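Summary of structural features
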Amino acid sequence: MTSSPAATPGPAESAFVKAARGEPTSHTPVWFMRQAGRSLPEYRRVREGVGMLESCMDPDLVVEITMQPVRRYGVDAAIFFSDIVLPLKAVGVDLDIVAGVGPVVAKPVRTLADVEAIPDLTPEHVGFVTEAVGRLVGELGATPLIGFAGAPFTVASYLVEGGPSKDHARTKAMMFGEPELWDALMRKIAGIASAYLEVQVRAGASAVQLFDSWAGALTPGDYERQVMPHSARVLTQAGELGVPRIHFGVGTSNLLGLMGAAGADVVGVDWRTPLASAISVVGDRAVQGNLDPTLVFAPTEVMLGRAAEIIDAGRAANGHIFNLGHGVLPDTNPDQLARLTEFVQGYSPAG
């Protein structure tokens with residue numbers, strides 16, 4: 001009688017997914033926000049002459065760019081190459097990503113009619129995403145793919161401001177002064193984000209991350225009353241799909257407990273907050289982060305020393321995924337990220 005060969009471990013058995021679920025891992029898993037592109041010369045070559053949104057809607061480019069950092073660094077997870085405003089573009093919102101500026105919306109949202117004019121997202125709007133995710137899952141094998149979406153507040157800010165904003169004045173004016181319009185807009189965006197994440201998960205993504213880049217502009221009270229319920233809707237619906245959920249914001253030291261309570265399995269921590277402090281407020285959730293992205297420009301031994309401190313601090317959490325405290329900076333030397341990845345995956349504390 002011959003024994004059957006052991007099944008090849010899949011993404012669910014990966015260190016990344018186990019850490020996200022608070023299970024023991026053989027090493028601290030590592031991936032980097034904005035690892036797909038930005039600093040890689042091979043990324044710049046394939047993107048030459050191709051607009052950002054155009055590249056996000058081309059399955060061939062999406063697959064290639066998503067795979068590039070996995071090939072180069074051997075990170076523990078891939079992040080789907082896309083942009084948080086892509087679902088809006090897919091449903092017909094007139095917007096573009098302008099080089100050096102960011103997302104620019106031709107007709108900002110000002111009225112309830114503007115909100116109602118935005119279609120709900122269906123899988124048919126993003127067939128290119130389904131194709132790209134399916135192909136990526138085949139190429140990645142045991143390496144998990146992270147799907148993602150923009151959180152309602154951050155996406156609303158682009159729609160209301162018409163582009164990036166330092167103070168989010170128009171956004172907050174609507175939130176404070178036109179609560180019914182604000183609620184309608186946030187419900188619309190939450191529905192689009194939920195549908196977009198579901199497309200990615202059903203196509204094979206092993207986890208999702210909800211990016212709330214601008215939530216740090218809010219007080220805890222305003223976040224809890226007027227933003228958190230909508231993010232919670234997205235995270236709850238993602239949780240029903242059976243995958244771990246990461247919730248990340250920038251400058252959100254005062255919101256970390258609420259962002260976890262919104263429905264996250266993993267709370268992303270930016271570089272401004274000591275990881276130990278974050279662990280003390282997120283409860284029994286895992287954490288992700290949080291090396292200052294500028295430390296990759298420091299001498300290697302300095303970078304690795306700080307990484308060791310973060311890994312050691314992360315041992316107190318119910319799961320730790322190593323990452324930068326925000327995205328990879330464009331001028332980052334890829335060789336430094338390779339050294340950092342190797343160090344994190346092989347690190348064990350002295351003694």
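In case you missed it, the structure is sitting above this.
Below you will find a few notes about this structure. (Residues numbered from 1 in each chain as written. Predicted model: local features only at pLDDT ≥ 70, side-chain atom pairs only at ≥ 80, totals over all residues. Heavy atoms only, no water.)

1. Details of the overall build of the protein
Helices and strands together make up the secondary structure of the protein, namely 16 helices and nine strands. Taken over the C-alpha trace, the protein has a radius of gyration of 20 Å; the compact-globule value for 351 residues is 20 Å, and the two agree within 12%. By the burial criterion, 56% of the 351 residues in the protein qualify as buried. Once local pairs closer than 6 in sequence are excluded, the contacts in the protein between residues at least 24 apart make up 74%. Accessible area of the protein: about 14300 Å², with a carbon and sulfur share of 52%. Averaged over its 27 positive side-chain charges, the protein has a centre that lies 2 Å from the centre of its 38 negative ones. (Helix = DSSP H or I, 4+ residues; strand = E, 2+ residues; numbered from the N terminus. Rg over C-alpha atoms; globule rule 2.2 N^0.38 Å. Buried < 20%, exposed > 50% of the residue type's maximum accessible area, 1.4 Å probe, protein only. Contact = heavy atoms within 4.5 Å. Areas by Shrake-Rupley, 256 points an atom, 1.4 Å probe, with all protein chains shown as cover. Lys, Arg positive; Asp, Glu negative; His and termini not counted. Charge placed at Lys NZ, Arg CZ, Asp CG, Glu CD.)

2. Considerations on empty space enclosed by the protein
One pass over the full model with this rule turns up one cavity of 30 Å³ or more. Of the pockets and cavities examined, the largest cavity occupies roughly 60 Å³. Lining the largest cavity we find Ile-84, Pro-87, Leu-88, Ala-149, Gly-150, Val-155, Ile-189, Ile-192 and Ala-193. Mapped onto the lining of the largest cavity, the elements with two or more residues apiece are helix 5 (86-91), strand 4 (145-150) and helix 10 (179-203). Residue contributions to the lining of the largest cavity peak at three residues, all from helix 10. Among the residues making up the lining of the largest cavity, the classes are represented as eight nonpolar, one polar and no charged. (1 Å grid on protein atoms, 1.4 Å probe; cavity = no way out; pocket = protein on both sides within 12 Å on 5 of 7 lines; lining within 4 Å. Points joined across faces, edges and corners; volume = space filled by probe spheres on them. Nonpolar A, V, L, I, M, F, W, Y, C, P; charged D, E, K, R; others polar.)

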